Amino acid sequence: MRVLALKIFFSVVASNLLMAQEIIGTAIINGERIQIFDNKTWKFTNNSEGSFNEDCDVIKYQVHFCNSFGWNKVENPVAPINAQYDVDGRTYSMFIVEPMGTADGVSREVMAGVALDYAAAAADVDVSEIPQHFVREGRVNGYDYLSVSYSAGVSGMEFTFINNIFVMETVTVQAAIYTIGTAVSDSLEENNTKLVKAIDFR
């Protein structure tokens, strides 16, 4: 009886410790979703418990976007954009996914520079003339990323971008959100938070 009581006690303690752990990521192992905790443990979970479901859009190379907020998918986006979504008619999100990563020497900082170079080319100005609003590091769903925000004129209109750059071992993802205007609004920040939280690398 004493052994049974100890087993129950340790089961309750272990279960309480597991619930107090912070989830730092998710992964798919043999087709089953797991949650990864900050103390280097993990457990199997089903899709209803996790952040993601099977209705997520596959962007490219096992990158998924779980669009639970109903942004409208734009058909046939212009290359190199792999997927694009209309948020509200003035704000759009887009994904550029490329088959290169840290194994190739790519870094988030290098990709931020590339993004600024492309913005300058589209605006037909020197990169030093592109107004930068911020550069900041973040972590979401267990993945580190770098956000760089800037404004640029394209075809006579001003746009403000927040470009979130994820660099994995063999894949680089630019998940950007942009809107008409020259300022980083609260709405743009809120939509950017939705964007990065809805990205899954399966």
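Quantities reported herein were computed from a predicted structural model and do not represent experimental measurements. (Residues numbered from 1 in each chain as written. Predicted model: local features only at pLDDT ≥ 70, side-chain atom pairs only at ≥ 80, totals over all residues. Heavy atoms only, no water.)

Enquirer: Describe the packing of aromatic side chains, naming the residues involved and giving the relevant values.
Expert: All told, the structure shown has 13 aromatic pairs when counted by the stated rule. Here Tyr-150 and Phe-161 contribute two aromatic rings whose centre-to-centre distance is 5.1 Å and whose plane-to-plane angle is 20°, an arrangement assigned as stacked. Here Tyr-150, found in strand β10 (residues 143-154), pairs with Phe-161, found in strand β11 (residues 157-167); they are eleven residues apart in sequence, far enough to count as distant. Each member of the pair, Tyr-150 as well as Phe-161, carries the same accessibility label: buried. Aromatic side chains Phe-166 and Phe-201 sit 5.5 Å apart centroid to centroid with 55° between the ring planes, which places their arrangement in the tilted category. A residue pair is termed long-range when its members are at least 10 positions apart, and Phe-166 in strand β11 and Phe-201 in strand β13 (residues 199-201) qualify at 35 residues. Pair check on accessibility: Phe-166 and Phe-201 agree, each one buried. (Phe/Tyr/Trp six-rings, centres within 6.5 Å; stacked < 30°, edge-to-face > 60°. Helix = DSSP H or I, 4+ residues; strand = E, 2+ residues; numbered from the N terminus. Buried < 20%, exposed > 50% of the residue type's maximum accessible area, 1.4 Å probe, protein only.)

Enquirer: Please provide a residue-by-residue account of helix α2 (residues 108-123), values included.
Expert: With 16 residues, α2 should reach 22 Å at 1.5 Å per residue; the first-to-last C-alpha distance of 23 Å fits that figure. Residues of α2 that are buried include every one of Met-111, Ala-112, Ala-115, Leu-116, Ala-119 and Ala-120, and no others. Residues of α2 that are buried sit in contact with β8 (91-98), β9 (132-140), β10, β11 and β12 (172-180). Positive backbone phi, approximately 60°, marks Asp-124, located one or two places after α2. (Expected span 1.5 Å × (residues − 1). Contact = heavy atoms within 4.5 Å.)

Enquirer: Outline the pairing of β12, supporting the account with residue identities and numerical values.
Expert: Moving residue by residue along a regular strand, the side chains alternate between the two faces of the sheet. Most of β12 is tucked away, with eight of its nine residues classed as buried. Two strands pair when backbone bridges link them, and β8 and β12 are joined in this way by eight bridges, in the antiparallel orientation. Along β12, the bridge assignment pairs Ser-93 with Ile-177. Pairing of β11 with β12, which is carried by nine bridges, proceeds in the antiparallel orientation. (Pairing = 2+ DSSP bridges.)

Enquirer: Pulling in residues and values, what's your account of the nonpolar core?
Expert: Residues Ile-59, Val-63, Phe-65, Phe-95, Phe-166 and Val-173 are the most contacted members of the largest nonpolar core, which totals 25 residues. Among all residues touching Val-63, those that are not within four sequence positions of it are Asp-57, Val-58, Val-97, Val-171, Val-173, Ile-199, Asp-200 and Phe-201. If you look at the next biggest cluster of nonpolar residues, it comprises 21 residues, including Val-106, Ala-115, Tyr-150 and Tyr-178. (Core = buried A, V, L, I, M, F, W, Y, C linked by side-chain atoms within 4.5 Å.)

Enquirer: Break down helix α3 (residues 186-197) for me, with residues and values.
Expert: An ideal rise of 1.5 Å per residue puts 16 Å on twelve residues; α3 measures up with 17 Å between its terminal C-alpha atoms. Turning to α3, its buried residues are Leu-188, Asn-191, Asn-192, Leu-195 and Val-196. For α3, the angular spread of buried residues about the axis comes to 135°, placing them on one side. In α3, those exposed residues whose orientation departs by more than 90 degrees from the buried face are Asp-186, Glu-190 and Lys-197. (Arc of directions from axis to C-beta.)

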